[in-house]
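Now for the letters of each chain:
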Amino acid sequence: MKKYALYTILLSLVILSSCSSIQTLTFDQLCPAEVNFPYQISNVGVVNNMPSRPEPKKNILTLGKVEAEGKMTTETLAGYLADSKYFNQVIICDSALQSDNYTRVLTDTEVDELSSMLDVDLIISFERLLLDVEKKEYTNPDWMASIPVLQVKVAPVVRLYLPGRQVPLAELVSTDSLYFDLGYGMSEKELIEEASRHAASVMANKIVPYWQTVNRFYFDGGGVEMRDAGVYVREGDWTSARDLWTQVYNRQKKGKTKFKAAYNIALSYEMTGDMEKATEWLSHASEYASEGSQEELALKYYIEQFMKRKSEYGKLNIQMGRFGDNF
């Protein structure tokens, strides 16, 4: 996290000092889920296996360990999964499977019965959502005062069950923190609702591929062809932009313009899904980035972003294979 923050700050300085030769590209990128499913898993059932608890209060706030309410959490997770359109059908069973104040792993018999009753290929069971609620003081070094906040540590647990299998297919866990303005006067009911929505969203992203807004940078200064290629980028025509950048790269013997062309060509291949070609052109770009230069800084920032996406791309292709890689 610190490296990313540093590169972002330094790159902002590059942008301000380079007469707008660096442009920002913002787009939605599909990211892989944590779990891979066989193609034959088409219909899934989302069930409430969370411990029972009293109805959340509307006029008080409980500090310390708090159990979330299973019905809303299960419904929210099912809604996110249905909206993703990854499975053919999402069936919800939000009635509590447990009547006690503790949870347990479903037996293979229970999984078989639930799968048969709901007519599904997989059971997605929300098993636990534990909240740890504390009052905190948030202090910014630039401020003369601190702000009272409510810190909520969110710890959801979801298990995936296949019929005919004696142990869960997977156990998905997460730990995260949410912060609320203590002066707002939030009730236990509101807090649990907000935490449940957040936890369901996090768990959905572990189960099905999800969209994330990301940024990339590209160069459009240094000549008419570079500027014209920038027009193609804004129109989403990466092939035409690449043709112009390739002309510039082949004509230049060395220098910043050759680096910018190679960098942009690498980006064009990433945007059209050819990760190997993008890797090749990032290597070419590194040959023309002087040590300690603004160009080297921009390249390092991009390489970190790109390598993360490249490492996930094969997994994403597997997960989206059921759609003919149409994403």
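## Examining the pairing of strand β6 (residues 146-161)
Alright, step 1. Relative to β6, strand β5 (residues 122-139) runs antiparallel, the two sharing 16 bridges. What sits directly across from Ile-123, in β6, is Tyr-161.
Alright, step 2. The pairing of β6 with strand β8 (residues 176-181) spans six bridges and is antiparallel. What sits directly across from Val-154, in β8, is Asp-176.
Alright, step 3. Here β6 runs beside strand β7 (residues 170-173); their pairing, made up of four bridges, is antiparallel. Considered in β7, the bridge of Leu-160 is made with Ala-170.

## Observations concerning the packing of aromatic side chains
The description of an aromatic ring pair rests on the distance of the ring centres and on the angle between the ring planes.
Alright, step 1. Counted according to the given criterion, the structure contains 12 aromatic pairs.
Alright, step 2. Each ring, one from Phe-37 and one from Phe-87, has its centre 5.6 Å from the other, and the planes form 70°; the classification is edge-to-face. Highlighted residues: Phe-37 in the loop between β1 (22-31) and β2 (43-48) and Phe-87 in the loop between α2 (70-84) and β4 (89-96), separated in sequence by 50 residues.
Alright, step 3. Geometrically, the ring pair formed by Tyr-86 and Phe-87 is edge-to-face, given 5.2 Å between the ring centres and 85° between the ring planes. Each member of the pair, Tyr-86 together with Phe-87, is buried.
Alright, step 4. Members of the aromatic cluster, each reached through a chain of ring pairs, are Phe-219, Phe-259, Tyr-263, Tyr-302 and Phe-306.
Alright, step 5. Just above the ring of Tyr-269 sits the side chain of Arg-242; from NZ or CZ to the centre is 3.9 Å.
Alright, step 6. Lying over the aromatic face of Tyr-249, Lys-258 brings its terminal NZ or CZ to 3.7 Å of the ring centre.

Definitions and cut-offs
- Residues numbered from 1 in each chain as written.
- Predicted model: local features only at pLDDT ≥ 70, side-chain atom pairs only at ≥ 80, totals over all residues.
- Heavy atoms only, no water.
- Pairing = 2+ DSSP bridges.
- Helix = DSSP H or I, 4+ residues; strand = E, 2+ residues; numbered from the N terminus.
- Phe/Tyr/Trp six-rings, centres within 6.5 Å; stacked < 30°, edge-to-face > 60°.
- Buried < 20%, exposed > 50% of the residue type's maximum accessible area, 1.4 Å probe, protein only.
- Lys NZ or Arg CZ within 6 Å of the ring centre and 35° of its normal.

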